[in-house]
Amino acid sequence: MLSYALDCEGPVAIRYSKDNVVDEDEINITAIVDNRGILYKSNKRDVLIITYGELVRDAKLAASELNGRGVSVDVYSLRFLSPIDNKEMNTLIKSYNYVVIMEDGVIKGSVGEEIKSSVFPNNTPIYIIGVDNNFLTHGTRIELKKSCNLDYLSLVEYILEKNQEVRHLQVV
């Protein structure tokens, strides 16, 4: 991404994650397309997790766990937080039963809210998880992620609960 940023003609801000972001899949993908992310696909399209940075690792772990439990989950890694390619995002989102946006920060004013408000009207439920708008206690990164339900096990539980809700809504 740094090489990409250096080649851009306009201003670029690089967001550094709060933890290591080493994802061989993203490093080995050579083409960086403006405002586009990376989609890690499963065979079906039940749930889409949209996230970025270090949380991609937790999302992929949760997807693997859920795919093993019969819930098909894809992960979309945002490489660009702004501007969002609304046309691509709308096309992507409408092909899933529901979407979970995993935020590495406060939900209010977040990328998740930007995506949710800019997606053209469709019936796909979109849920955002992240940090509430209050002060966090001190702790390690792992402890803080767990307290905000941003670790992969909390994400698995959250999606299993939402899966039941969404299935119920589809039947009614």
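The structure contained in this document is the topic of the report that follows.

Parameters at a glance
Residues numbered from 1 in each chain as written. Predicted model: local features only at pLDDT ≥ 70, side-chain atom pairs only at ≥ 80, totals over all residues. Heavy atoms only, no water. Buried < 20%, exposed > 50% of the residue type's maximum accessible area, 1.4 Å probe, protein only. Helix = DSSP H or I, 4+ residues; strand = E, 2+ residues; numbered from the N terminus. Pairing = 2+ DSSP bridges. Contact = heavy atoms within 4.5 Å. Core = buried A, V, L, I, M, F, W, Y, C linked by side-chain atoms within 4.5 Å. Salt bridge = Lys/Arg side-chain N within 4 Å of Asp/Glu carboxyl O. Axes fitted to C-alpha atoms, helices over the stretch in contact; angles between N-to-C directions.

**Considerations on the pairing of strand β5 (residues 126–131)**
Moving on, step 1. Across the six residues that make up β5, a large majority, six, are buried.
Moving on, step 2. Both strand β4 (residues 98–106) and β5 contribute to a ladder of five bridges, which runs parallel. The residue of β5 that forms the bridge with Ile101 is Ile128.

**Description of the side chain of Lys145**
Moving on, step 1. Mapped onto the elements of the fold, Lys145 is located in helix α6 (residues 141–147).
Moving on, step 2. For Lys145, the residues in contact, after removing those within four places along its chain, are Glu54, Leu55, Asp58, Leu150 and Asp151.

**Observations concerning the environment of Ala63**
Moving on, step 1. The topology assignment puts Ala63 in helix α3 (residues 55–68).
Moving on, step 2. Measuring from C-alpha to C-alpha, the distance between Ala63 and Leu155 comes to 9.1 Å, with 92 residues separating the pair along the chain.

**With respect to the pairing of strand β2 (residues 47–51)**
Moving on, step 1. A large share of β2 lies buried, amounting to five of its five residues.
Moving on, step 2. Burial of β2 is two-sided: the residues Val47, Ile49 and Thr51 facing one way and the residues Leu48 and Ile50 facing the other way are all buried.
Moving on, step 3. Looking at chain direction, β2 and strand β3 (residues 73–77) are connected through five bridges and run parallel. Directly across from Thr51, in β3, lies its bridge partner Ser77.

**Concerning the nonpolar core**
Moving on, step 1. Formed by 25 residues in total, the largest nonpolar core has its most connected members in Ile49, Met102, Leu155 and Ile159.
Moving on, step 2. Within the residue set of this core, elements represented by two or more residues are β1 (38–40), β2, α3, β3, β4, β5 and α7 (152–171).
Moving on, step 3. The element best represented in this core is α3, accounting for six residues.
Moving on, step 4. Residue contacts for Ile159: discarding those within four places in its chain leaves Val47, Ile49, Leu66, Val71, Tyr98 and Val100.
Moving on, step 5. Listed in part, the 18 residues of the second largest apolar core include Ile84, Met89, Ile115 and Ile128.

**Here we look at the pattern of salt bridges**
Moving on, step 1. Evaluated as defined, the whole model comprises seven salt bridges.
Moving on, step 2. Across the salt bridge formed by Lys162 and Glu165, the nearest N and O atoms sit 3.3 Å from each other. Here Glu165 and Lys162 lie together in helix α7, a separation of three residues that amounts to about one turn.
Moving on, step 3. The class of Glu165 is partly exposed, set by a relative accessible area of 39%.
Moving on, step 4. Salt bridges sharing common partners tie together Glu54, Arg57, Asp58, Asp104, Arg141 and Lys145.

**Description of the sheet that holds β2**
Moving on, step 1. An order of β1-β3-β2-β4-β5 is seen for the five strands of this open sheet, with the pairing classed as mixed. Of all strands in the sheet, those bounded by a partner on one side alone are β1 and β5. Averaged over all pairs of adjacent strands, the angle between strand axes in this sheet comes to 20°, irrespective of strand direction.
Moving on, step 2. Bridging between β2 and β4 involves four bridges; their strand directions are parallel. Within the sheet, the bridge partner assigned to Val47 lies in β4 and is Tyr98.
Moving on, step 3. Against the sheet, α3 engages β1, β2, β3 and β4, with an angle of about 170° to β3.
Moving on, step 4. Against the sheet, helix α4 (residues 86–93) makes contact with β1, β2, β3, β4 and β5, and its axis sits at roughly 150° relative to β2, the strand it touches most.

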